[in-house]
Amino acid sequence: MKITVIGSGYVGLVSGACLSEVGNDVLCLDVDPEKIRILEEGGIPIYEPGLEDMVRRNVAAGRLRFTTDIERAVRHGTVQFIAVGTPPDEDGSADLQYVLAAARNIGRLMTDYKVVVDKSTVPVGTGARVKAALQEELGKRGVNIPFSVVSNPEFLKEGAAVDDFMRPDRIVIGAEDDQAIHLMRALYAPFQRNHERLIVTDVKSAELTKYAANAMLATRISFMNELANLAEALGADIEMVRQGIGSDPRIGYHFLYPGCGYGGSCFPKDVKALIRTAQDDAGIGLKVLNAVEEANEAQKHVLTGKIRQRFGDLTGKHFALWGLSFKPNTDDMREAPSRELIADLFAAGATVAAYDPVAMDETRRIFGNEPRLAYVEQPMQALTGADALIIVTEWKEFRSPDFSAIKETLNHPVIFDGRNLYDPRLVRGMGIEYFAIGR
């Protein structure tokens, strides 16, 4: 099948690469010439395990190509995936200008039947706006070319996106005409060979499903973070509580890990957008989600509170920081808890030496030439001259450190663990002060 993917960012590039992997003829469009240059030269502009090899393999096979030529892209694909960014507006609502611009370009240049697929995370009702934009452009041209609009939300976890696309637990298709549904079933057939994973809904229900999924996961995280803070205040251990409630099959263990707050490109943005959609389009206040957002913002400062409580005045203090990205296996720094923590420490007069396996370049881009923030090439190097170690990202390489070396290197044998990586009894038994979340 000939497929065009409009937008070669995270979602677009993963989708395009995976669709080409099963034999489709994929052309990825982006208006950023530098991004296309990197892709054409065999690189990728993001970090995602397994993606670079897949891109190179399919480029070499001639199934995956890249372009900045909009007319060529519209001409190429019967299926046109819109996978452009939907950044939050100042009020938290999703900005649809790039989605609608893509739809208008398709309407302006299409010459035969197209299935226009919203892959970007968009508010309920966007499908209707995309349809109207296409019809308006066709009307300007005085032509009547058939098309279908489909909602096909992505459910990709950063750090596991390739596997999620190739082995999905569900594929949601929001469509209202048989031809589009037939084409989408054919497109996704290679990804569901052992059993049916495709769920067909109306367009609005598919759009809401994406927001609802992320909002539910964010809710579980904030709930556990609040329980962890309560457990700590009451002298209970949140890890024991987690095991106790997670063993209930109605609850399960997924997303029950307390920490120093969620971040990334999805949860914060989608929670805000759903709150705004409910308020602006339906006049409904989502009390639970407002509380989820408020709890998460507060949780990002919990580690700072623990550090202040232990050290008092932080002026002149120097801290080692392990982990910068919002989660492991990605270089994504959007809404990362580390950003709030670093800002808090700077405001209190402290300095930081940071290590992250892949996110240091992105952190440099964000903080610029910040003299209070140093970067090191190995985790233990960050500890030299540091008053304590702070952990904010649960990278695998942090799970079994040399605690004796940590104790010897730090000015004070103190660890602040924002991801509950270690057994408190083990660490404290080695003479290290250990401050975790809810333990």
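See the structure printed just above.
Let me sum up the structure you'll find in this document. Just so it is clear, the model here is predicted, and its values are computed rather than measured.

**Looking at the side chain of Thr 86**
No. 1: Mapped onto the fold, Thr 86 is located in the loop between β4 (79-82) and α5 (97-109).
No. 2: Only 3.0 Å separates the side chain of Thr 86 from the backbone oxygen of Thr 121, close enough to count as a polar contact.
No. 3: Among the polar contacts made by the side chain of Thr 86, one reaches the side chain of Lys 269 at a distance of 3.3 Å.
No. 4: Those residues in contact with Thr 86 that sit more than four places away from it in its chain are Ala 94, Asp 95, Leu 96, Val 99, Ser 120, Thr 121, Val 122 and Lys 269.

**Regarding the packing of helix α9 (residues 203-234) against helix α10 (residues 238-246)**
No. 1: The geometry of α9 relative to α10 is characterised by a closest axis approach of 9 Å and an angle of 130° between their N-to-C directions. When the axes of α9 and α10 are compared, the pair comes out oblique. The way α9 lies across α10 gives a crossing that is right-handed. Each of Met 224, Leu 227, Ala 228 and Ala 231 in α9 lies in contact with α10, whose residues at this interface are Ile 238, Arg 242 and Ile 245.
No. 2: Looking at the contact of α9 with α10, its residues break down into six nonpolar, no polar and one charged.

**Here's the deal with helix α3 (residues 51-60)**
No. 1: When we look at burial in α3, the residues that qualify are Leu 51, Met 54, Val 55 and Asn 58. Burial along α3 is one-sided: seen end-on, the buried residues are contained in an arc of 100°. Along α3, exposed side chains directed more than 90 degrees from the buried face belong to Asp 53 and Ala 60.
No. 2: Of the surrounding secondary structure, the elements contacted by the buried residues of α3 are α1 (10-21), β3 (64-67) and α7 (161-166).
No. 3: Looking at the residues trailing α3, positive phi occurs at Gly 62, about 80°.

**Let's talk about the packing of aromatic side chains**
No. 1: Under the defined criterion, the tally for this structure stands at 13 aromatic pairs.
No. 2: Both rings, one in Tyr 422 and one in Tyr 434, keep their centres 6.2 Å apart while their planes meet at 50°; by these two values the pair is tilted. Separated by twelve residues along the polypeptide, Tyr 422 in the loop between β13 (414-417) and α17 (424-429) and Tyr 434 in strand β14 (residues 433-435) bring together distant segments of the chain.
No. 3: With relative accessibility at 4%, the residue Tyr 422 sits in the buried group.
No. 4: Put simply, the rings of Phe 311, Phe 319, Phe 416 and Phe 435 touch in pairs and so form one group of aromatic residues.
No. 5: Above the face of the Phe 155 ring, Arg 170 is positioned so that its terminal group lies 3.7 Å from the ring centre.

The rules behind the values
Residues numbered from 1 in each chain as written. Predicted model: local features only at pLDDT ≥ 70, side-chain atom pairs only at ≥ 80, totals over all residues. Heavy atoms only, no water. Helix = DSSP H or I, 4+ residues; strand = E, 2+ residues; numbered from the N terminus. Polar contact = N/O pair within 3.5 Å; in protein donor to acceptor, adjacent residues only side chain to side chain. Contact = heavy atoms within 4.5 Å. Axes fitted to C-alpha atoms, helices over the stretch in contact; angles between N-to-C directions. Parallel < 35°, antiparallel > 145°, perpendicular 65-115°, else oblique. Left-handed = near helix turned anticlockwise from the far one by under 90°. Nonpolar A, V, L, I, M, F, W, Y, C, P; charged D, E, K, R; others polar. Buried < 20%, exposed > 50% of the residue type's maximum accessible area, 1.4 Å probe, protein only. Arc of directions from axis to C-beta. Phe/Tyr/Trp six-rings, centres within 6.5 Å; stacked < 30°, edge-to-face > 60°. Lys NZ or Arg CZ within 6 Å of the ring centre and 35° of its normal.

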